[in-house]
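# A look at the structure
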Amino acid sequence: MTKITAAITAVGKYLPDYVLSNKVLETMVDTNDEWIVTRTGISERRILKEEGKGTSFMAIKASEDLIQKSQIDPKEIDLVVVCTATPDMQAASTAAFVASSIGASNAFAFDMDAACSSFLFGMSVVSGYIESGKYKKVLLIGGDKNSSMINYKDRATCIIFGDGAGAVLFEANTEGNGIQDEYLRTDGSGRDFLRVKKGGSSYPFQIGDVHDEESFVFQEGRTVFKNAVFNMADVSEKILERNNLTKDDVAWLAAHQANKRIIDATAQRVGLDDSKVMMNIAKYGNTTSATLPLLLADYENKLKKGDNIIFAAFGGGFSWGAIYLKWAY
Ligand code: UT7
């Protein structure tokens, strides 16, 4: 029997219009453009400013971009997964709203959250459904309105995060393209180093509560940085070894865009020069679940059928991993 793999057949993206530059951040917190660029590689990020608009707004726009470019009929989609750490509401599926809004009326839908590894883990979930033969077309969206949980008085976090969404269509493939292998990890002992505490079930809001620091993203940057550098490089190296790939076999590294220094360290460990490293952190900052699909959307024109792409991510939890995929078009 021919093996079915899960291949990417279309991509789309959405970024809010408002640009929050390092220069503007200089007027908000004690920081400067030079520090931010040197330490993170970020020059600007996008922010979804309009009141009442959440992650679903960006996810719908990214999906519409994909639908318009690929001319797919949304009724053919079997499943819509929205990867996000910032759902529209605490208890109502963002994905269900997105699926209905884009006309995917024959699909079921659910949200997934593994912090900055959400999209990577989502790729694993989607490939399982497709490889089993259960579903043929799955829309995987990564979107986050990080600005909804950032304290713009905290220079340790507000300089890093931005808003955005990317959408990717996975389809059953019998040519051997698509997802080849994955190596995914978590370590729950890391959860206090990067978190939003208040509003969760362990620390619910009480009537009369005011927002304080615990209502926003807290990050112990140095610890997260060290773990990210070590683990992202480690899984990237492992996935190459496991699949007998040398650096010359790899066409692209698509790594989570949290800090340029983390991406550079990963590329260095597996011996890839800059020309093979997808990078858009300078323009968007860290968009959490959206970084990987946004990379694909920005590099789509450069990708060739059969290209070996290594995806890698590290995020809160801790959660991290790598996926090896062959580009299908
Ligand atoms: O996507 C999920 C995973 N997240 C990540 O992977 C993020 C990982 N962490 C990082 O990217 C980095 O740790 C940061 C960018 C957050 C911080 O960079 P760093 O090089 O680790 O800086 P640091 O926290 O070690 O701070 C170095 C110095 C400190 O001053 P002193 O103690 O040396 O006097 C900070 O107070 O830089 C200071 N500092 C700043 N200065 C100007 C911290 N933030 C800023 C700032 N502007 N925004």
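So, here is what we can say about the structure in this document. (Residues numbered from 1 in each chain as written. Predicted model: local features only at pLDDT ≥ 70, side-chain atom pairs only at ≥ 80, totals over all residues. Heavy atoms only, no water.)

### Re the sheet that holds strand 11 (residues 252-255)
Across the sheet, which stays open at both edges, the four strands sit in the order 8-13-12-11 with mixed pairing between neighbours. Only two strands of the sheet have a single partner each, and these edge strands are strand 8 (178-186) and strand 11. Across the sheet, the mean angle separating the axes of adjacent strands is 15° when strand polarity is ignored. Sheet topology places strand 8 next to strand 13 (residues 319-326); eight bridges connect them, and they run antiparallel. Directly across from Ile179, in strand 13, lies its bridge partner Leu325. Sheet contacts for helix 7 (residues 221-242): strand 8, strand 11, strand 12 (308-315) and strand 13; angle to strand 12, the most-contacted strand, approximately 150°. (Pairing = 2+ DSSP bridges. Helix = DSSP H or I, 4+ residues; strand = E, 2+ residues; numbered from the N terminus. Axes fitted to C-alpha atoms, helices over the stretch in contact; angles between N-to-C directions. Contact = heavy atoms within 4.5 Å.)

### What to know about the packing of helix 3 (residues 55-70) against helix 4 (residues 94-101)
Where helix 3 meets helix 4, the closest approach of the two axes is 9 Å, and the angle between their N-to-C directions is 40°. In terms of axis orientation, helix 3 runs oblique to helix 4. Helix 4 is crossed by helix 3, and the crossing has right-handed handedness. In this structure, helix 3 contributes Ser56, Ala59, Ile60 and Ser63 to the contact, and helix 4 contributes Thr94, Phe97, Val98 and Ser101. Tallied by class, residues from the contact of helix 3 with helix 4 come to four nonpolar, four polar and no charged. (Parallel < 35°, antiparallel > 145°, perpendicular 65-115°, else oblique. Left-handed = near helix turned anticlockwise from the far one by under 90°. Nonpolar A, V, L, I, M, F, W, Y, C, P; charged D, E, K, R; others polar.)

### Overview of the site of the ligand
With respect to spatial proximity, 23 residues lie near the ligand, and among them Thr31, Arg39, Arg222, Asn259 and Asn286 are the closest. One of the side-chain nitrogen or oxygen atoms of Thr31 is found 2.7 Å away from a nitrogen atom of the ligand. Arg39 is positioned such that a nitrogen or oxygen atom in its side chain is 2.8 Å from an oxygen atom of the ligand. Computed on the free molecule, the ligand has an accessible area of 940 Å², of which 76% lies beneath the protein chains in the complex. Put simply, the parts of the chain that give the shell around the ligand at least two residues each are helix 2 (33-40), helix 6 (155-158), helix 7 and helix 8 (260-269). No other element matches the four residues that helix 7 contributes to the shell around the ligand. For the shell around the ligand, a count of residues per class yields eleven nonpolar, seven polar and five charged. (Near = heavy atom within 4 Å. Polar contact = N/O pair within 3.5 Å; in protein donor to acceptor, adjacent residues only side chain to side chain. Areas by Shrake-Rupley, 256 points an atom, 1.4 Å probe, with all protein chains shown as cover.)

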